[in-house]
Each structure stands twice: as structure tokens, then as C-alpha cells.
Amino acid sequence: MAKSSSLKSTLAVSLNNYLDAGAIVAGSSGITLWQNYLELSEMHLGWLNALSANAMGAAIGAIIGGFLADKFGRKFIFTYNLLVYMLGVLIVMLSFSYPMLLGGFLVTGISVGIGVPASWTYISESSEVHNRGRNICISQMSWGIGPMLILFFGMLFAPGGFLYAPVESLAHAVIGADADAAAVQVFSSRVVFFTLFVVAFVAWNLQRQLQESAAYEANKEKNQSGIVQNIKLLFTNRVAVKSVIFLATIYLTWNLVASVMGFFMPHVYETAGGLSNETANMLSCVSWVFVVVTTFIISFCVDKVAHRFFYVFGLVAALTAWILVIGGSVTNIAGIWIFTILWGVNNGSSVQVFYALWGSELFPAKFRAGAQGLMFFIVRGLSAVWGLVFTFIYGENGEGFTLAAYCMVALLLISLIVGFIGAPNTRGKSLAQITKERYGGEDEG
């Protein structure tokens, strides 16, 4: 596949990352507004996080979507999945009760999970050997641009924001001039979700036009086994099982921290930091700017420099941020700014970049997407449980924030140590070459 074609398909598929992170942050940017409108407790918020694109919703989708992508093709997922995403977002937009809101989060999350394994697999399989890391970074940039724009919209449309007046007028036109203030204010979140609906529609039309992955086509005739057989093969191959354990460990320990911050970051700023909803969204938006800038810089180097270097760099930034939090930095604006910048740098050179890259490199084509779906299921599923535990540790008003920060440091240290020791040497090798080295030429990559 030509370089321009590789870049074009990467950009189209990377919109899934925009929609993934965008769905998480769209929920988080307006979570306080939904809390006020529906009179929700912290436990209610925990369940929203647990069943959303941030956790269990995506977990359920991933275990389904990964093996479907291996059986029916990557394009099969691109053709239908975003229709489910648009349905979920529409339910959220129209929600007037907690069960409806919870259902919308769940449907959206399932769609996100279905799309992720196929997306990362397709990008790697469609990339040239010396651009595979770059293309994964482009995908990660989309993961950063989504929240950056969503939080920017959230800031503009939030009560007191520059564009809140039109939102307020829309709300009064829909629900009446004498509507409760909380019901009016939550319309800013509804509008933010509408922007995701529009992007999903555009992405769906672009992705339907993509050609099937050449690696999938090359192995389709040889891989006549069903989904159950592929699952059995994955679990009985020692090399594959070791790869799953390694990747799930580094991604899980990092994602337990990242998932909480992705959903609760503005809420933490508001409760522990004492900031307004508008300022909290602005700071979160700034953090994502640093994600995009950091990933953009790394994209020029990731195929030329040892992956281990950037992996360690990102986690050192994350650990520094949380150690500062333990020192009390979250209670003053300067400390909050430092934390925001360091966390953004971490996300730009994050474990997720290398999980996506290595996850698509370390498995043969016949169960490449399925393996990623399995790992995503494990990670996001446990993240759902952790999201509920976090709300218990954190408390109603952030009184347990320091204890939560100690937990974050411990998890990040595990990810750093395991990843540093086990980082594979795949840079500059084709998928076929990696597969041959690891599985003895089990398929053509």
C-alpha cells in the first residue's frame, strides 16, 4: 500500500479514537450538570463511568468486535459499527431519566469497544514497516484531539460560557420558558454529544469506502476456523498467552489511572480543587493540547528510536504528576497547572500508544483483532470495577483524594517496571517477520 494511501486510511480509521475518547470526555465534561439535573449521587456517577465507553460498555464491545473482525473482516466492523455509536449518542442527547442516560452510555460504550480492536489492527496492517509507529501515533493524536475539542465545546457551551446564551435559548424553546435551571443547563451537555453524532456520521461514510486489509485478505482462505476455534487457538498458544499477559498488565495498570482521569478529571478539579465547571473544562482541555503536541513530536521519532525510551518517558511524567498531587499541589492553581501539563505529556507518550502498536504486532493475523479485543475486555472491564471503587475511596467531596493518589502511583509503577523489562524489539520489522520470529511462520502476518 502506498504511503499516501496508508496515511489516508489511517486518518479515516483514527476518527474512531476521536469518538472513543470524545464519548468519555463528553460525559465527564457535563457530569456535574447531569448530576444536578437528575439529582445523582457519587455512586450513580460511578455506574455511569462503569458502563460507559470508559469501562464495561467498551469491554463488552471489544470481546465481541475483536473476534468478529477476525472472522468477517475489518471492513465489516467499519460498515456497521458506527450506526450503533450514533444510536447511543442519540439516546444520551434525549435522556430525561437516569436509566435512559445509563443506557445511552452503555450502547455508546459497546460501539466504542467493537471498533477499537479493528481500528488498531487495520492501521498496523495497512502501514509500511517504517511508518507503523507513526500511524499509531496519528491514531493517538486523534484520541487527544477528540477530548481537546469536546472540552473546548464544553467550555463554550457551559453555564457562563461564551456560547451558553444560544444553548439557553434552545433549551427554553424545547422544554419551556419556565423550565428548571438544572434542566436548562444540562442542554450544554446535550449539544456537546450532538457534535459527536455529527463526527460519527462523517466517519461512518469515510470508513465504508475503505478497502479490506491486505493482511486479512491474504489469510482469509487459510483461516476457515470459526470464532470459537480462534478463541481456543489463542488460549492454547503459549507465545500468544504470554503476550496477552504482558500487554494486559501494562495497559491495565496504566488504564486504571487514565480511565478515572478521563471521566472524573473535571469533577476532581471542581470538588478537590474548588474550580468552576467552566475552568475545570478549560484545564482539562489544556491537558489534551499537550497530549496532541507530545504525540505529534513523538510520531517523527517513534520508528527511529527504541520504543522503551518513549514508554519510560511517558510514565515518568505521569508518576511525577501524581507525586506532586500527594504533596498537596491539587489545592493551589499553580500545582493544578503543573499536574495538568505533566498528565498531558504522559498521555501523549502513553502506554496506550505502545499497547496499540505492540498489540497489533505480537499476534498473527488469524486472531490479531481477537487478542486485542480480549485484552481490551479485561482492561476496560476491570476499569469498570475500579471506577466504582474509586468513587468510594474519593468520597462525596474529595476527602479521600490523597489515598486515591497513592493508589495511582502504585499502579503506574507496576506499568513502568513491567513495560521496561518486557518491551519487545519489533521496530523496523514487518508484521510477517515478527509473526515468523514468534510463531514460526504460522501465517503471513
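Residues numbered from 1 in each chain as written. Predicted model: local features only at pLDDT ≥ 70, side-chain atom pairs only at ≥ 80, totals over all residues. Heavy atoms only, no water.

Next up on the list: the overall build of the chain. Check the secondary structure of the chain and you find 20 helices and zero strands. Radius of gyration (C-alpha) of the chain: 21 Å, near the 22 Å computed for a compact globule of 445 residues. Projected onto its principal axes, the C-alpha positions of the chain cover 70 × 45 × 35 Å. Across the 445 residues of the chain, 63% fall into the buried class. The long-range share in the chain, meaning contacts at least 24 apart out of those at least 6 apart in sequence, stands at 84%. Counting every atom, the chain has about 16,100 Å² of accessible surface; 70% of that belongs to carbon and sulfur. (Helix = DSSP H or I, 4+ residues; strand = E, 2+ residues; numbered from the N terminus. Rg over C-alpha atoms; globule rule 2.2 N^0.38 Å. Buried < 20%, exposed > 50% of the residue type's maximum accessible area, 1.4 Å probe, protein only. Contact = heavy atoms within 4.5 Å. Areas by Shrake-Rupley, 256 points an atom, 1.4 Å probe, with all protein chains shown as cover.)

This brings us to the nonpolar core. With 133 residues, the main nonpolar core has Leu196, Trp322, Trp358 and Phe363 as its most contacted residues. In this view, Phe363 contacts Leu234, Ala240, Ser243, Val244, Leu247, Arg368, Ala371, Met375, Thr435 and Tyr439; residues no more than four positions away in its chain are not counted. (Core = buried A, V, L, I, M, F, W, Y, C linked by side-chain atoms within 4.5 Å.)

This part takes up the packing of aromatic side chains. Under the definition given, this model contains 25 aromatic pairs. Taken together, the ring pairs in this structure connect Trp120, Trp143, Tyr251, Trp254, Trp288, Tyr355 and Phe376 into an aromatic cluster. Here Arg308 stacks its cationic end above the ring of Phe420, 5.3 Å away from the centre of that ring. (Phe/Tyr/Trp six-rings, centres within 6.5 Å; stacked < 30°, edge-to-face > 60°. Lys NZ or Arg CZ within 6 Å of the ring centre and 35° of its normal.)

Turning our attention to the environment of Ser6. Structurally, Ser6 is set in helix H1 (residues 3-29). A residue is classified by how much of its surface remains accessible, and Ser6, at 0% relative accessible area, is buried. Distance from Ser6 to Ser127, taken between C-alpha atoms, is 5.5 Å for residues 121 residues apart in sequence.

What you tend to see is this: most non-glycine residues have negative phi, and most peptide bonds are trans. We note that Glu39 has phi near 55°; this positive angle belongs to a residue other than glycine. Tracing the sequence through the fold places Glu39 in the loop between helix H2 (31-38) and helix H3 (42-50).

Time to look at the pattern of salt bridges. What the rule picks out here adds up to five salt bridges. Here the salt bridges do not stand alone but share partners, grouping Asp70, Arg74, Glu125 and Arg368 into one network. (Salt bridge = Lys/Arg side-chain N within 4 Å of Asp/Glu carboxyl O.)

This paragraph deals with the environment of Val107. Locating Val107 in the fold gives a position in helix H6 (residues 98-126). Exposure remark for Val107: the relative accessible area of 21% places this residue in the partly exposed category. Here the alpha-carbon distance between Val107 and Gly57, two residues 50 residues apart in the chain, equals 6.9 Å. In this view, Val107 contacts Val84, Gly88 and Ile91; residues no more than four positions away in its chain are not counted.

For the coordinates displayed, the defined rule picks out zero disulfides. The thiol of Cys301 is not disulfide-bonded; the next cysteine sulfur, from Cys137, is found 9.2 Å away. (Disulfide = S-S within 2.5 Å.)

Orientation of helix H17 (residues 351-361) relative to helix H18 (residues 368-394), taken along the N-to-C sense of each, is 145°, at an axis distance of 9 Å. Every residue of H18 that contacts H17 at Gln352, Tyr355, Ala356, Gly359 and Ser360 is listed here: Arg368, Gln372, Met375, Phe376 and Arg380. Looking at side-chain class alone, the contact of H17 with H18 contains four nonpolar, four polar and two charged residues. (Axes fitted to C-alpha atoms, helices over the stretch in contact; angles between N-to-C directions. Nonpolar A, V, L, I, M, F, W, Y, C, P; charged D, E, K, R; others polar.)

Looking now at H2. Structurally, the α-helix is built with 3.6 residues per turn, so residues lying three or four positions apart point the same way. With six of its eight residues buried, H2 lies for the most part within the structure. Here H2 has its buried residues at Ile31, Thr32, Leu33, Trp34, Gln35 and Leu38. Just past H2, the residue Glu39 takes up positive phi, approximately 55°.

Let us now look at H18. For H18, built from 27 residues, the straight-helix expectation of 39 Å at 1.5 Å per residue is met to within 8% by its first-to-last C-alpha distance of 38 Å. After H18 finishes, the residue Gly395 shows a positive phi value of roughly 85°. (Expected span 1.5 Å × (residues − 1).)

Within the fold, Asn135 resides in helix H7 (residues 132-157). Remark: the alpha-carbon pair of Asn135 and Ser6, spanning 129 residues in sequence, is separated by 8.2 Å. Among all residues touching Asn135, those that are not within four sequence positions of it are Ser6, Thr10, Ile123 and Ser127. Within the local environment of Asn135, its side chain forms a polar contact with the side chain of Thr10, the two groups lying 3.4 Å apart. (Polar contact = N/O pair within 3.5 Å; in protein donor to acceptor, adjacent residues only side chain to side chain.)

Interhelical geometry of H18 versus helix H19 (residues 401-422) gives an angle of 140° and a closest axis separation of 8 Å. What the angle tells us is that H18 and H19 run oblique. When H18 is examined against H19, the residues Trp386, Phe390, Ile393 and Tyr394 are found in contact with a partner set consisting of Phe401, Leu403, Ala404, Cys407, Met408 and Leu411. (Parallel < 35°, antiparallel > 145°, perpendicular 65-115°, else oblique.)

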